[in-house]
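Close look at the chain arrangement
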Amino acid sequence: MLVQQILGTKGDNAVITVKPATKVSEAAQILAERRIGVLMVSSSGDTPDGILSERDIVRSLGVRGASTLNETVDQMMTHNPVCCTRQDTSDVVLKKMTDGRFRHMPVVEDGKLIGIVTIGDVVKARMQELAMEKDALQGMIMGH
């Protein structure tokens, strides 16, 4: 399955971005309000400068305490996030996520953010593929 197909199954492909100078406390509030796990950091609003996850914030809180909330997201974000394109397969994306030990991947075309896929999105797509393959094999075995 292609990333394009995965994006098609998601209702809203809007990518939520924040500026690098955004305070971590504001980013945490956006994550909570929108019930999402990651924000893209972008000076322009459409090209990725970095990515900030809930886990980044929690880990920083654990190490540096509440002062983390007064920092800016560019101090904490992952710079140059691993990205994919619409034409990448779910297997390629899943391998990158597993090898890199991250759960969110920006989808970029011509340098512009067009979506985000999560490990949950990719696993769900892969499970659908496996179910279709199973049904096809059963049909062949039974002569349908």
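Residues numbered from 1 in each chain as written. Predicted model: local features only at pLDDT ≥ 70, side-chain atom pairs only at ≥ 80, totals over all residues. Heavy atoms only, no water.

On to the side chain of Glu-71, then. Among the secondary structure elements, Glu-71 is positioned in the loop between helix H3 (54–64) and strand S4 (78–79). For Glu-71, the side chain forms a polar contact with the side chain of Arg-64, separated by 2.7 Å. (Helix = DSSP H or I, 4+ residues; strand = E, 2+ residues; numbered from the N terminus. Polar contact = N/O pair within 3.5 Å; in protein donor to acceptor, adjacent residues only side chain to side chain.)

With that settled, the discussion passes to the pairing of strand S6 (residues 112–118). With six bridges joining them, strand S5 (residues 104–109) and S6 adopt antiparallel strand pairing. By the bridge assignment for S6, Pro-106 is matched with Ile-116. The hairpin turn running from S5 into S6, its antiparallel successor, is two residues long, and Asp-110 in that turn takes a positive phi close to 50°. (Pairing = 2+ DSSP bridges.)

With that settled, the discussion passes to the nonpolar core. Counting residues in each nonpolar core, the largest one holds 13 residues, and the members touching the most others are Val-18, Leu-39, Val-41, Leu-52, Ile-57 and Val-73. Only helix H2 (24–34) and strand S2 (38–41) provide two or more residues apiece to this core. Top contributing element to this core by residue count: H2, with four residues. Each residue touching Val-18, except ones within four places of it in the same chain, is listed here: Ile-30, Leu-39, Met-40, Val-41, Ser-42 and Val-73. Formed by 11 residues, the second largest nonpolar core is a distinct cluster that contains Val-3, Met-97, Val-107 and Ala-125. (Core = buried A, V, L, I, M, F, W, Y, C linked by side-chain atoms within 4.5 Å. Buried < 20%, exposed > 50% of the residue type's maximum accessible area, 1.4 Å probe, protein only. Contact = heavy atoms within 4.5 Å.)

By the alternation rule, side chains of S2 split into Val-38 and Met-40 and Leu-39 and Val-41, which are all buried. Relative to S2, strand S1 (residues 17–18) runs parallel, the two being bridged by two bridges. Following the sheet pairing, Val-18 is matched in S2 by Val-41. Taking the sense of rotation as the criterion, the β-α-β connection linking S1, H2 and S2 turns out right-handed. Strand direction decides the pairing type here: S2 and strand S3 (residues 50–53), joined by four bridges, are antiparallel. What sits directly across from Val-41, in S3, is Gly-50. (Right-handed = clockwise from strand over helix to strand, strands pointing away.)

All chains considered together, the criterion is met by seven salt bridges. Glu-71 is the salt-bridge partner of Arg-64, the closest N and O atoms lying 2.7 Å from each other. Take Arg-64: its relative accessible area is 42%, and that puts it in the partly exposed class. Residue classification places Glu-71 among the buried residues on the basis of a relative accessible area of 15%. (Salt bridge = Lys/Arg side-chain N within 4 Å of Asp/Glu carboxyl O.)

Before going further, it helps to spend a moment on the sheet that holds S3. The mixed open sheet is built from four strands, whose spatial order is S1-S2-S3-S4. At either end of the open sheet lies a strand with only one pairing partner, and these are S1 and S4. Taken strand by strand, H2 contacts S1, S2 and S3, and its axis lies near 130° from that of S2. Relative to S3, H3 is tilted by about 65°, and along the sheet it contacts S3 and S4. (Axes fitted to C-alpha atoms, helices over the stretch in contact; angles between N-to-C directions.)

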